[in-house]
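Listed below, chain by chain, are the residues.
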Amino acid sequence: MALPCSFSVALVLLSCHSLCCLACHLPDTHGLRNWRVLTLLGQMRRLSAGSCDHYTNDFAFPKELFDGQRLQEAQALSVVHVMTQKVFHLFCPDTSSAPWNMTLLEELCSGLSEQLDDLEACPLQEAGLAESPLRHEDSTLRTYFQRISLYLQDRNHSPCAWEMVRAEIGRSFFSSTILQERIRRRK
């Protein structure tokens, strides 16, 4: 009878260990990089909001994805990962038509790349998210970024259009950063 009991205890310990390993332990510098990206987005501002009043647009940022109450940690990190990827691809293509200071843009792209490296090191695959991605959340974020891309195209990537996009991404990236902070505090 001792053998089945020992076996059961071992199974419980192994399952607890594997559940604990699902959590992603991002480096301490990851949170600082988030704030640095936000600072850089602010420094990249080239035009006053008033000079671009006729360019305003509601991109319909999906705030519900970033409230942090509805998503488990692995799901939230997956949403943050997709968000960071999309911001990277928006600002850091090989040939950017954006009117930014190149030094600030390179620093922004470097910071986003480091964040993506951190997030890609997370064991989301073990959490079962790699096999069944968050279809609704991913689709919602894709639609959001498609609206932004279409907006830039419709406005011929003008400086005012880019300024509206920079401000929008600053707000949405702030929500992503706050979500990550909430995840850290839960641990």
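Numbers given to residues run from 1 along each chain, matching the order in which its sequence is written. Reporting of local features is limited, given that this is a predicted model, to residues whose pLDDT is at least 70; pairs of side-chain atoms are given and counted only at 80 or more, and all residues count toward the totals for whole chains, interfaces and linings. Values shown for side chains rest on all heavy atoms present in the structure; no hydrogens or waters enter the calculation.

Draft legend 1. Summary view of unusual backbone geometry. Notably, Ala60 is not glycine yet its phi reads approximately 55°, a positive angle. A run of H or I in DSSP becomes a helix once it reaches four residues, and a run of E becomes a strand once it reaches two; helices and strands are each numbered from the N terminus. The residue Ala60 is located in the loop between α2 (28–43) and α3 (73–91) in this model. Its identity is not glycine, yet Asn156 carries a phi of approximately 55°, on the positive side. Position of Asn156 relative to the elements: it lies in the loop between α5 (135–154) and α6 (159–186). With relative accessibility at 65%, the residue Asn156 sits in the exposed group. Using a 1.4 Å probe on the protein chains alone, a residue whose accessible area is under 20% of its type maximum counts as buried, one over 50% counts as exposed, and one in between counts as partly exposed.

Draft legend 2. View of the nonpolar core. Ranked by internal contacts, the top residues of the largest apolar core, which has 45 residues, are Leu90, Phe91, Leu108, Ile148, Val165 and Ile169. Only α2, α3, α4 (102–120), α5 and α6 provide two or more residues apiece to this core. Residue contacts follow a heavy-atom distance rule, with two residues in contact if any of their heavy atoms lie within 4.5 Å. In contact with Ile148, not counting residues within four places along its chain, are Phe59, Leu90, Val165, Glu168 and Ile169. Think of a nonpolar core as a cluster: buried Ala, Val, Leu, Ile, Met, Phe, Trp, Tyr and Cys residues, connected wherever their side-chain atoms sit within 4.5 Å.

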